[in-house]
Protein chains: 2
Amino acid sequence: MMPLVCEIIAVGTELLLGSIANTDAQDISQGLAEAGIHCYFHTTVGDNPARLSQALAVARERADIIITTGGLGPTIDDLTKQTVCEAFGVPLELHEGTWERILSFFRRIGKPVTENNRRQAMVPVGGVVFENDWGTAPGCGFQAGDTHIYMLPGPPKECRPMFANCLLPLLKSLTGATILSRNIKVFGMGESAVEDMLRPLMEKSSNPTLAPYAKEGEVTLRVTASAQSNEEAFRLTEPIVAEVLALLGGAAYGVDVDSLESVVLELLEANGVRLAAAESCTGGLVSAKLTAIPGASRFFLGGVVAYGRQVKENVLGVPEDLINKCGMVSGEVALAMARGVCKLTGAEIGLGLTGLAGPGGDGSNVPVGTVCIALFDARDRSHKEVTRNFGDERGRVRTMASLTALDMVRRHLNMI
Amino acid sequence: MMPLVCEIIAVGTELLLGSIANTDAQDISQGLAEAGIHCYFHTTVGDNPARLSQALAVARERADIIITTGGLGPTIDDLTKQTVCEAFGVPLELHEGTWERILSFFRRIGKPVTENNRRQAMVPVGGVVFENDWGTAPGCGFQAGDTHIYMLPGPPKECRPMFANCLLPLLKSLTGATILSRNIKVFGMGESAVEDMLRPLMEKSSNPTLAPYAKEGEVTLRVTASAQSNEEAFRLTEPIVAEVLALLGGAAYGVDVDSLESVVLELLEANGVRLAAAESCTGGLVSAKLTAIPGASRFFLGGVVAYGRQVKENVLGVPEDLINKCGMVSGEVALAMARGVCKLTGAEIGLGLTGLAGPGGDGSNVPVGTVCIALFDARDRSHKEVTRNFGDERGRVRTMASLTALDMVRRHLNMI
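Residues numbered from 1 in each chain as written. Chains lettered and ligands numbered in written order. Predicted model: local features only at pLDDT ≥ 70, side-chain atom pairs only at ≥ 80, totals over all residues. Heavy atoms only, no water.

Enquirer: Any chance you could explain the interface of chain B and chain A here in plain terms?
Expert: Often, the extent of an interface is quoted as the loss of accessible area on bringing the components together. Residue-level contacts link 65 residues of chain B with 64 residues of chain A. Regarding the contact of chain B and chain A, the summed buried area is about 4800 Å², with carbon and sulfur atoms giving 55% of it. The tally of links from chain B across to chain A stands at 1 salt bridge. E393 of chain B is the salt-bridge partner of K157 of chain A, the closest N and O atoms lying 3.7 Å from each other. (Contact = heavy atoms within 4.5 Å. Buried area = accessible area lost by both parts, 1.4 Å probe. Salt bridge = Lys/Arg side-chain N within 4 Å of Asp/Glu carboxyl O.)

What follows is the structure, encoded as structure tokens:
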């Protein structure tokens, strides 16, 4: 069977002005790959019927499936449905269910319904309607000749769930094959080092394929297999996943896991220990990352954001002498912070981070980008410290320092 | 003069697989708007010469300027230069300066130079070359008939600075007009409420235009004017900016400012007061937002992430009785946290946040999404508390609670 080909057309002048990035195309493309549907083009056009018609005419020639995003709202700019239906000669009709929903919404908020709102309830005759549980504009679609056309709302918070819950299952039923990806997450090795190590494996692999993707401080290795079923695709990925993990050793922190922080929380739980963090240069970023995960409170107690010197001394009990002798950015102060936060909170494991995120220096001879991180284990009073330089970009220094601290906890609990 | 029209073609299979979003198109589009150049289409194609040729043929018909991103790397997939030059009948030649750079780079790292690396040094005959100070692949461009073609590298960290520093000045010289945008930032009003209030003004405005953009919890009103000079465009925006500010009152927190947190830091500095935060449900997010800004340490002391109950009691000194009587999520506990963090750190202003970010409840009758936020001013012992519900999405609850707390500081210091 020939694989189906899809084209994504994003509609919205805000995309052409650069106000937002086209993340809808990214989200949808990931799903298409998963469903074994090829995607050769993304197109973005403004809220302009003539140019949208032109894009539709081009897409129709080269795709089996066209997905549009955006232009389904209630304002006069929102012309996707009208333009698409005209292009394919399909009339619109009022969708009673949607119209009821809109009426009851306006009744609830006590405002009058306008003609524009009624337009939101119009859908292509003989097509499919996706109710919008995440906003007001419903999605819809129809088949015209050999072409399938689907229209999704533009706001990512509406587009993403509607695609995943309504459209993707429908697309999967159109195609037999499945493409399955597994993601091996790596921290502490650069992309080029990972590539150098895995190049022979990448070059000899075709199904599954192996490809690296770099994100700040992390590398993801994606193993992608194509097969007739999910189970078969999964089975195809198994040997190469095992081989990659063996090559990477402790640098791989998980397969198909959400994030380093989620792995750390699981390890804390598995070990029955609680963590607390004393953060200076990262200013709460370690805590914010951990507490973004539901249920974090069971094994992450919190901590202290010791941004000012007086907080380090008075709250964490870092001795003034120690700061004067070793310097604010020193392994000794980081360790005193880690110990201090354990004592203060009763946590078994404490992290201490002190550094210079920049862009300016602190008047000492410590180079910008230097961060000292300490881990203190109150159970046996063992500790580890590292001093690293993460460069001169403030955001990167803070992110890398946070991730490095979390990775220290992971390695400590895994005894790596 | 007719405005010039530009089309952006992104080249890269990773974009079509959804591995990354096309942020290059966003960055470039912002710059085009600034230069007064229109952009009607973005196109994305994979690393495939036939499809890139097809996209170039389409773009050539409808644009004066074509900018490609991606496909300039050293691997066999990187075919943009060859394909573009073939499409426009322009030969490639070795660029000595770039070739020297590449040779010296490989000499330094002690590795052999390959034929692929030599390809990176090939540029269109008679064109312009942009040296890459941010990576290895140079950018380049040429004029063929009435069409200007420019090729930039794909990685955003290389594309963005090369566009801003090399290409944008060149494009600005091609056109006379300037488009200038001013951004009015609003917190505490929903997008539809803002639109309702400003609709008459939006409808009657053409130069400058007025348009709202919503981001989680915030609305930005963009006022965009087109004129012959920056000064003239700025002058055109002045009356409408003033009118919008008058209508919005205290909900507008700034014009052309970076963020709510940057405004708060400026206000702290202007008032000579220092802030500290005691965070439960936000888990360090308020601190992380503030400390993302360079120099935050002068007026933000830090604080306590009181995620566990024992931290609230033992570190912040919230009385056990109070928690038992009023509940963990209560205005009383929030205020005790705000007081406690002032006492602990010596800050003049303290914030206390306690809430249920969800998705699960805490066994009490407090609904998920409820957050109590208190501000304590140690100078006159005045205080304010708010209790809000931010819905059932954990990320949104945390973000909205953080922003609301920062906005309380802004309003307090502005005496609104």
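Once the structure has been displayed, the description carries forward.
Enquirer: Any chance you could explain the side chain of K312 of chain A here in plain terms?
Expert: Residues and elements named next belong to chain A. Mapped onto the fold, K312 is located in helix α12 (residues 309-314). Look at K312: it is buried, it has no salt bridge, and the nearest opposite charge is E313 at 8.8 Å. Within polar-contact distance, the side chain of K312 engages the side chain of S280 at 3.1 Å. One polar contact links the side chain of K312 to the main-chain carbonyl oxygen of A306, over a distance of 3.2 Å. Residues in contact with K312, not counting those within four places in the same chain, are S280, A306, Y307, G317, V318, M328, V333, M337 and T354. (Helix = DSSP H or I, 4+ residues; strand = E, 2+ residues; numbered from the N terminus. Buried < 20%, exposed > 50% of the residue type's maximum accessible area, 1.4 Å probe, protein only. Lys, Arg positive; Asp, Glu negative; His and termini not counted. Polar contact = N/O pair within 3.5 Å; in protein donor to acceptor, adjacent residues only side chain to side chain.)

Enquirer: Would you mind showing me how to read the sheet that holds strand β12 (residues 252-255) of chain B here?
Expert: The strands that make up a sheet are held in pairs by hydrogen bonds between backbone atoms, and each pair lies either parallel or antiparallel. Residue and element names in this part refer to chain B. Read from one edge to the other, the open sheet built from 4 strands follows the order β10-β11-β9-β12, with strand pairing classed as antiparallel. Because the sheet does not close on itself, it has two edges, and the strands there are β10 (209-215) and β12. Taken pair by pair, the neighbouring strands of this sheet meet at an average axis angle of 25°, ignoring direction. (Pairing = 2+ DSSP bridges. Axes fitted to C-alpha atoms, helices over the stretch in contact; angles between N-to-C directions.)

Enquirer: Please clarify how the relation of the copies chain B and chain A should be interpreted in this entry.
Expert: Both copies of the chain are related by a screw-like operation: a rotation about an axis and a shift along it. Overlaying chain B on chain A yields an RMSD of 0.8 Å, the required transformation being a rotation through 180° with an accompanying axial translation of 0.6 Å. Overall, the copies show the geometry of a two-fold rotation axis. A share of 98% of the interface residues of chain B reappears at the interface of chain A, consistent with the copies meeting face to face through the same patch. (Least-squares fit on C-alpha atoms with pLDDT ≥ 70 in both.)

Enquirer: What is the right way to look at the sheet that holds strand β7 (residues 139-144) of chain B in this model?
Expert: Ordered by their spatial adjacency, 12 strands build an open sheet running β6(A)-β7(A)-β8(A)-β3(A)-β1(A)-β2(A)-β2(B)-β1(B)-β3(B)-β8(B)-β7(B)-β6(B), and the pairing between neighbours is mixed. Looking along the sheet, the strands with just one partner apiece sit at the ends: β6 (128-130) of chain A together with β6 (128-130) of chain B. This sheet shows a mean twist of 15° between the axes of neighbouring strands, independent of strand direction. Judged from the 5 bridges that link them, strand β1 (residues 5-11) of chain A and strand β3 (residues 65-69) of chain A form a sheet pairing that is parallel.

Enquirer: Explanation requested: the packing of helix α2 (residues 23-35) of chain B against helix α7 (residues 156-174) of chain B in the structure shown.
Expert: Each pair of packed helices can be described by the angle between their axes along with the distance between the axes. Residues and elements named next belong to chain B. Direction vectors running N to C along α2 and α7 enclose 20°, while the axes themselves pass 10 Å from each other. Taken together, α2 and α7 sit at an angle that is classed as roughly parallel. Two packed elements cross with a definite hand, and for α2 against α7 that hand is right-handed. Of the residues in α7, those in contact with T23, D24, D27, I28, G31, L32, E34 and A35 of α2 are P156, C159, R160, F163, L168, L171 and K172. Taken together, the residues of the contact of α2 with α7 break down into 8 nonpolar, 2 polar and 5 charged. (Parallel < 35°, antiparallel > 145°, perpendicular 65-115°, else oblique. Left-handed = near helix turned anticlockwise from the far one by under 90°. Nonpolar A, V, L, I, M, F, W, Y, C, P; charged D, E, K, R; others polar.)

Enquirer: I keep staring at the nonpolar core and nothing clicks. Help me out?
Expert: A general tendency of soluble globular proteins is for nonpolar side chains to be buried together. Grouped together as the largest cluster of nonpolar side chains are 74 residues, with contacts concentrated most on L268 and L351 of chain A together with L268 and L351 of chain B. What L351 of chain A contacts, discounting residues up to four positions off in sequence, is L275, A276, A277, A278, V286, A338, V341, A374, L375, A405 and V409 of chain A. Grouped together as the second largest cluster of nonpolar side chains are 30 residues, A276, V311 and V315 of chain A together with L316 of chain B included. (Core = buried A, V, L, I, M, F, W, Y, C linked by side-chain atoms within 4.5 Å.)

Enquirer: Which parts of the structure should I look at to understand the side chain of T354 of chain A?
Expert: Its location among the elements puts T354 of chain A in strand β15 (residues 349-355). In this structure the side chain of T354 of chain A is engaged in a polar contact, spanning 2.8 Å, whose partner is the backbone oxygen of M328 of chain A.

Enquirer: Hey, could you run me through the pattern of salt bridges in this one?
Expert: For side chains bearing opposite charge, pairing can occur when the charged atoms are close. Applying the stated criterion across every chain yields a total of 29 salt bridges over all chains. Across the pair E269 of chain A and R298 of chain A runs a salt bridge whose closest N-O atoms are separated by 3.2 Å. Residue E269 of chain A is found in helix α10 (residues 260-271), and its partner R298 of chain A is found in the loop between α11 (285-291) and β14 (300-306); the two are separated by 29 residues along the sequence. With relative accessibility at 39%, the residue E269 of chain A sits in the partly exposed group. Residue E131 of chain B pairs with R101 of chain B through a salt bridge whose shortest N-O separation is 2.3 Å. With E131 of chain B in the loop between β6 and β7 and R101 of chain B in helix α5 (residues 96-109), this pair connects stretches of sequence that are 30 residues apart. On the accessibility criterion, E131 of chain B (38% relative accessible area) is partly exposed.

Enquirer: What is the right way to look at unusual backbone geometry in this model?
Expert: Most peptide bonds take the trans configuration, and most residues that are not glycine carry a negative phi. Residue N207 of chain A is joined to P208 of chain A through a cis peptide bond whose omega torsion reads 5°. Position of P208 of chain A relative to the elements: it lies in the loop between α8 (191-204) and β10 (209-215). In this structure, R381 of chain A is a non-glycine residue whose phi angle is positive, near 60°. For R381 of chain A, the location among the structural elements is in the loop between β16 (370-377) and β17 (382-389). With a relative accessible area of 52%, R381 of chain A lands in the exposed category. Phi is positive for D256 of chain B, close to 55°, though the residue is something other than glycine. On the accessibility criterion, D256 of chain B (42% relative accessible area) is partly exposed.

Enquirer: For this particular structure, what's the right way to read the packing of aromatic side chains?
Expert: Each aromatic ring pair is characterised by the separation of its centres together with the angle its planes make. With the rule as written, the count across this model stands at 6 aromatic pairs over all chains. Ring geometry for F88 of chain A against F142 of chain A: centres 6.0 Å apart, planes inclined by 70°, an arrangement best described as edge-to-face. A residue pair is termed long-range when its members are at least 10 positions apart, and F88 of chain A in helix α4 (residues 80-88) and F142 of chain A in strand β7 (residues 139-144) qualify at 54 residues. You can call F88 of chain A buried: its relative accessible area is 10%. Assessed through its relative accessible area of 5%, F142 of chain A is described here as buried. Over the ring of Y40 of chain A we find R51 of chain B, and its NZ or CZ is 3.5 Å from the ring centre. (Phe/Tyr/Trp six-rings, centres within 6.5 Å; stacked < 30°, edge-to-face > 60°. Lys NZ or Arg CZ within 6 Å of the ring centre and 35° of its normal.)

Enquirer: Explanation requested: empty space enclosed by the protein in the structure shown.
Expert: Remark: the empty space left among the atoms is shown by a probe the size of a water molecule rolled over them. For the coordinates displayed, the defined rule picks out 6 cavities of 30 Å³ or more. Each pocket or cavity is described by its volume, and for the largest cavity that value is around 120 Å³. Lining the largest cavity are 18 residues; nearest its centre among them are N22 and T44 of chain A together with N22, H42 and T44 of chain B. Contributions of two or more residues to the lining of the largest cavity are made by α2 (23-34) and β2 (38-45) of chain A together with α2 and β2 (38-45) of chain B. Counted by class, the lining of the largest cavity contains 8 nonpolar, 10 polar and no charged residues. (1 Å grid on protein atoms, 1.4 Å probe; cavity = no way out; pocket = protein on both sides within 12 Å on 5 of 7 lines; lining within 4 Å. Points joined across faces, edges and corners; volume = space filled by probe spheres on them.)

Enquirer: What exactly am I supposed to notice about the pairing of β17 of chain A here?
Expert: As a general feature of sheets, a regular strand has side chains that alternate between the two faces. Two strands pair when backbone bridges link them, and β16 of chain A and β17 of chain A are joined in this way by 8 bridges, in the antiparallel orientation. The residue bridging V371 of chain A from the neighbouring strand is R388 of chain A, located in β17 of chain A.

Enquirer: Would you take a moment to explain α10 of chain A for this structure?
Expert: All names here are of chain A. In a regular helix each residue adds 1.5 Å, so 12 residues correspond to 16 Å; α10 covers 16 Å between its end C-alpha atoms and thus fits that length. Every buried residue of α10 is listed here: L260, E261, S262, V263, V264, L265, L267 and L268. At the C-terminal side of α10, G272 shows a positive phi close to 60°. (Expected span 1.5 Å × (residues − 1).)

Enquirer: Please explain the state of the cysteines as it appears in this structure.
Expert: Here is the idea: a disulfide is a covalent bond, and it sits between the sulfur atoms of two cysteines. Residues and elements named next belong to chain A. Counted according to the given criterion, the structure contains 0 disulfides over all chains. Between C281, a free cysteine, and C372, which holds the nearest cysteine sulfur, the sulfur-to-sulfur gap is 8.8 Å. Look at C281 and you get buried, because its relative accessible area is 4%. (Disulfide = S-S within 2.5 Å.)

Geometric values such as these leave the question of function open.
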